[in-house]
Amino acid sequence: AAGALALARTWLETAASRDLLDAEAGARRFALTVGRSLELALLVRHAQWSLDHGDPRPALAARRFAAHGITQLGAALSREEASQLIAD
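The structure displayed is predicted, hence computed values, not measured ones.

A. Representation of the nonpolar core. Counting residues in hydrophobic clusters, the biggest one holds 5 residues: Ala-8, Trp-11, Ala-15, Ala-23 and Leu-73. Broken down by element, the residue count for this core peaks at 3 residues, all from helix α1 (residues 2-18). Those residues in contact with Ala-8 that lie beyond four places of it in its chain are Phe-30, Thr-33, Val-34 and Leu-73.

Now the structure itself:
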């Protein structure tokens, strides 16, 4: 969770320093990454509490969630492709 959040921060700083339109184009993926990072952190916190009280299931749920990927900042549409989606 912390690694994905750090990656999101680096992506935002890089995208904003290059071109604000690139940052805007990736804003949804950035928000999803931040949200999924927070969700995983909360799952892990609950999983630890549950393990301390004898229930391993929340830890398994957290592992399953993490296995489906936290970072959503992978390949995206090019700027031209993204502009076609918003064109009237």
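B. Spatial organisation of the environment of Arg-29. Position of Arg-29 relative to the elements: it lies in helix α3 (residues 27-52). Taking C-alpha positions, Arg-29 is 5.3 Å from Gln-72, a pair spaced 43 residues apart along the chain.

C. Looking closely at the pattern of salt bridges. Scanning the entire structure with this criterion turns up 2 salt bridges. Across the salt bridge formed by Glu-13 and Arg-9, the nearest N and O atoms sit 3.0 Å from each other. Taken together, the residues Glu-13 and Arg-9, both in helix α1 and 4 residues apart, mark about one turn of the helix. A salt bridge links Arg-57 to Asp-55; its shortest N-O distance comes to 2.9 Å. Judged by its relative accessible area of 59%, Arg-57 is exposed. Residue classification places Asp-55 among the partly exposed residues on the basis of a relative accessible area of 22%.

D. Inspection of the confidence of the model for the chain at higher detail. A residue-level look at the chain finds 93% of positions with pLDDT of 70 or above and a mean pLDDT of 88. Within the chain, the element-level pLDDT minimum falls on helix α5 (residues 79-86), averaging 74, and the maximum on helix α4 (residues 57-67), averaging 97.

E. Main features of the packing of α3 against α4. Two elements in contact, α3 and α4, have axes whose closest approach is 8 Å; the angle formed by their N-to-C orientations is 160°. Here α3 is positioned roughly antiparallel relative to α4, judged by the angle of their axes. Read as a crossing pair, α3 and α4 show a hand that is left-handed. Two secondary-structure elements touch here, α3 through Arg-36, Glu-39, Leu-40, Leu-43, Val-44, His-46, Ala-47, Ser-50 and Leu-51 and α4 through Pro-58, Ala-59, Ala-62, Phe-65 and Ala-66. Of the residues contributing to the contact of α3 with α4, the split by class is 10 nonpolar, 2 polar and 2 charged.

Procedures and definitions
Residues numbered from 1 in each chain as written. Predicted model: local features only at pLDDT ≥ 70, side-chain atom pairs only at ≥ 80, totals over all residues. Heavy atoms only, no water. Core = buried A, V, L, I, M, F, W, Y, C linked by side-chain atoms within 4.5 Å. Buried < 20%, exposed > 50% of the residue type's maximum accessible area, 1.4 Å probe, protein only. Helix = DSSP H or I, 4+ residues; strand = E, 2+ residues; numbered from the N terminus. Contact = heavy atoms within 4.5 Å. Salt bridge = Lys/Arg side-chain N within 4 Å of Asp/Glu carboxyl O. pLDDT = per-residue confidence, 0-100. Axes fitted to C-alpha atoms, helices over the stretch in contact; angles between N-to-C directions. Parallel < 35°, antiparallel > 145°, perpendicular 65-115°, else oblique. Left-handed = near helix turned anticlockwise from the far one by under 90°. Nonpolar A, V, L, I, M, F, W, Y, C, P; charged D, E, K, R; others polar.

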